[in-house]
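# Coordinate inspection notes
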Amino acid sequence: MRSRRPNLLLRRAWGAAALTLAAFAATLTAAPAANASDPDGPIGRGETMDRSWSWVAEQVPYSWDGCHRNQFGCYRPDCSGFVSMAWNLGSSLTTWTLWNVTSDIPASDLQPGDALLRDDPDPKATHHVALFVRWADAGHTQPVVREEYDFGHVAEERTWGNGLRGFSPRRYNRLDDLMPYGSIRAKYDGMGGLNSPLGPPVTGERDSMMGGRFQQFRNGIIIWHPDAAFAIYGDILSKFWATDAERAWGFPTMDEADAAQAPNGMKGRYQFFERGLFLWSQQTGAHVVHGEIYKAFHNAGHEAALGYPMTDEVDEAGGGKAQKFQKSTIHWNPAKGTWITDN
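Notes on the structure follow. What you see is a predicted model, and the numbers here were worked out from it, not measured in a lab.

### Looking at the pattern of salt bridges
- The final tally for this structure, using the stated rule, is 21 salt bridges.
- Notably, a salt bridge pairs Lys 321 with Asp 315, separated by 2.5 Å at the nearest N-O pair.
- For Lys 321, a relative accessible area of 28% gives the class partly exposed.
- Taking the relative accessible area as the measure of exposure, Asp 315 reaches 61% and is therefore exposed.
- Put simply, Arg 45, Asp 109, Asp 114, Arg 171, Asp 177 and Arg 206 are held in one network by salt bridges that share partners.

Okay, structure coming up:
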């Protein structure tokens, strides 16, 4: 439990912008150096994407001749040279030889830094390779790619509106899928990396259910959306998963932090999500406070006044809801609104 107690006024601000912006700024200042691999060695997705972006930013023109040199080496500025540079290969391969250092993957498993590759014995057919960035649509039919694709053009990121068109999804054999990258890596490193409460990564970064991205670690996850990453772990994560995760509660708007002391002296932890507050203590476990009951809980003074929740919301007669806290129960009814009774 490494979080410091935040300012009380900030802590009580529902979805406070200051918390989100501070966390996002922290991810920027904590960003690690991208160039960490050796030629032809293991490489993480973050480094791959940083290397590929360098040519897009420099607007490197397409050519079959010579090489383009920058801080990432000197590579032939065509489609396969571009991908070779992004993967930090020892030399510029071709669309034919890239098959030798990659493996087939299903299109459903495409992740940033994978490739879309096509060649054909027919000299008039398309011979090309592009680096996959993300899907442009929820149906995963329009890939966003980075590529060097023809004379008169420069390296760019664009959407293939007409789909994969016979291109084969391929993964570089030495790409390390477990290396965190981007905002998730910055958050992980800022928490202490392997020494953080999360432990080592156990999966690569993946799409979340509601448009964000997440990566699972041994003891928790880091989830990103839309421009800041936060960690969820322990009993709060177990409760989050057991209650339909971001489909029910949206994305976290802060990291877990110390909650206030209850009237009986007990202390716990809390974490705000877009549509609910998760509160945990050793004695009461993790529960969610949301909607009209959360508003009443907030107005009454939170856990410092009512104690920690002992249950989730339960149904009451007349279409109402109730939630029991250590000192009181908050009731809600569509006709009466909310009221509080002593336990």
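After that view, the rundown keeps rolling.
### Topic: the pairing of strand β18 (residues 285-289)
- Of all 5 residues that make up β18, 4 are buried, and the element is covered over most of its length.
- Both strand β17 (residues 276-281) and β18 contribute to a ladder of 5 bridges, which runs antiparallel. Looking at the pairing, Leu 277 lines up with Val 289 of β18.

### Describing unusual backbone geometry
- A cis amide bond, omega -15°, links His 225 with the succeeding residue Pro 226.
- Tracing the backbone through its elements, the reader meets Pro 226 in the loop between β13 (220-224) and β14 (229-233).
- A positive phi is found at Gln 59, a non-glycine position, where the angle reads about 50°.
- Looking at the element boundaries, Gln 59 is found in the loop between α3 (45-58) and β2 (68-70).
- Located in the positive-phi region is Arg 165, a residue other than glycine, with phi close to 55°.
- Residue position: Arg 165 is located in the loop between β8 (156-159) and β9 (168-172).
- With relative accessibility at 37%, the residue Arg 165 sits in the partly exposed group.

### Side note on the sheet that holds strand β19 (residues 314-316)
- Taken in spatial order, the 4 strands line up as β19-β20-β21-β22 in an open sheet, and their pairing is antiparallel. Because the sheet does not close on itself, it has two edges, and the strands there are β19 and β22 (337-342). On average, each strand axis in the sheet is inclined to that of its neighbour by 30°, with strand direction left out of account.
- The pairing of strand β21 (residues 328-333) with β22 spans 6 bridges and is classified as antiparallel. From the neighbouring strand, Ser 328 faces β22, where its bridge partner is Asp 342.
- This element, helix α8 (residues 291-300), spans β20 (320-324), β21 and β22 of the sheet and lies at about 135° to β21.

### Quick word on the environment of Glu 156
- Tracing the backbone through its elements, the reader meets Glu 156 in strand β8.
- Setting aside chain neighbours within four positions, we find Glu 156 in contact with Val 56, Val 145, Arg 146, Glu 147 and Tyr 149.
- A distance of 3.0 Å separates the side chain of Glu 156 from the side chain of Tyr 149, its partner in a polar contact.

### A closer look at the packing of aromatic side chains
- With the rule as written, the count across this model stands at 14 aromatic pairs.
- Where Phe 240 meets Phe 278, the ring centres are 6.2 Å apart and the plane angle is 65°; that geometry is what we call edge-to-face. Of the two residues, Phe 240 is situated in helix α6 (residues 234-242) and Phe 278 in strand β17; the sequence distance between them amounts to 38 residues.
- Judged by relative accessible area, which is 0%, Phe 240 ranks as buried.
- Seen from their ring centres, Trp 249 and Phe 278 are 5.9 Å apart, and the 90° between their planes marks the pair as edge-to-face. With Trp 249 in helix α7 (residues 245-249) and Phe 278 in strand β17, this residue pair connects regions lying 29 residues apart in the sequence.
- With relative accessibility at 11%, the residue Trp 249 sits in the buried group.
- An aromatic cluster is built from Phe 240, Trp 249, Phe 273 and Phe 278, whose rings are joined through pairwise contacts.
- The lysine or arginine in question, Arg 165, covers the ring of Trp 160, its NZ or CZ lying 4.3 Å from the ring centre.
- The ring of Trp 339 carries Lys 336 above its face, with NZ or CZ at 3.9 Å from the centroid.

### Points about the state of the cysteines
- Summed over the entire model, instances satisfying the criterion amount to 1 disulfide.
- Residue Cys 67 pairs covalently with Cys 74 via a disulfide, S to S 1.6 Å. Between Cys 67 and Cys 74 the sulfur-sulfur dihedral comes to about 50°; the bridge is accordingly right-handed.
- Note on Cys 74: relative accessible area 25%, which makes it partly exposed.

Rules used in this analysis
- Residues numbered from 1 in each chain as written.
- Predicted model: local features only at pLDDT ≥ 70, side-chain atom pairs only at ≥ 80, totals over all residues.
- Heavy atoms only, no water.
- Salt bridge = Lys/Arg side-chain N within 4 Å of Asp/Glu carboxyl O.
- Buried < 20%, exposed > 50% of the residue type's maximum accessible area, 1.4 Å probe, protein only.
- Helix = DSSP H or I, 4+ residues; strand = E, 2+ residues; numbered from the N terminus.
- Pairing = 2+ DSSP bridges.
- Axes fitted to C-alpha atoms, helices over the stretch in contact; angles between N-to-C directions.
- Contact = heavy atoms within 4.5 Å.
- Polar contact = N/O pair within 3.5 Å; in protein donor to acceptor, adjacent residues only side chain to side chain.
- Phe/Tyr/Trp six-rings, centres within 6.5 Å; stacked < 30°, edge-to-face > 60°.
- Lys NZ or Arg CZ within 6 Å of the ring centre and 35° of its normal.
- Disulfide = S-S within 2.5 Å.

Distances and angles like these do not, on their own, reveal function.
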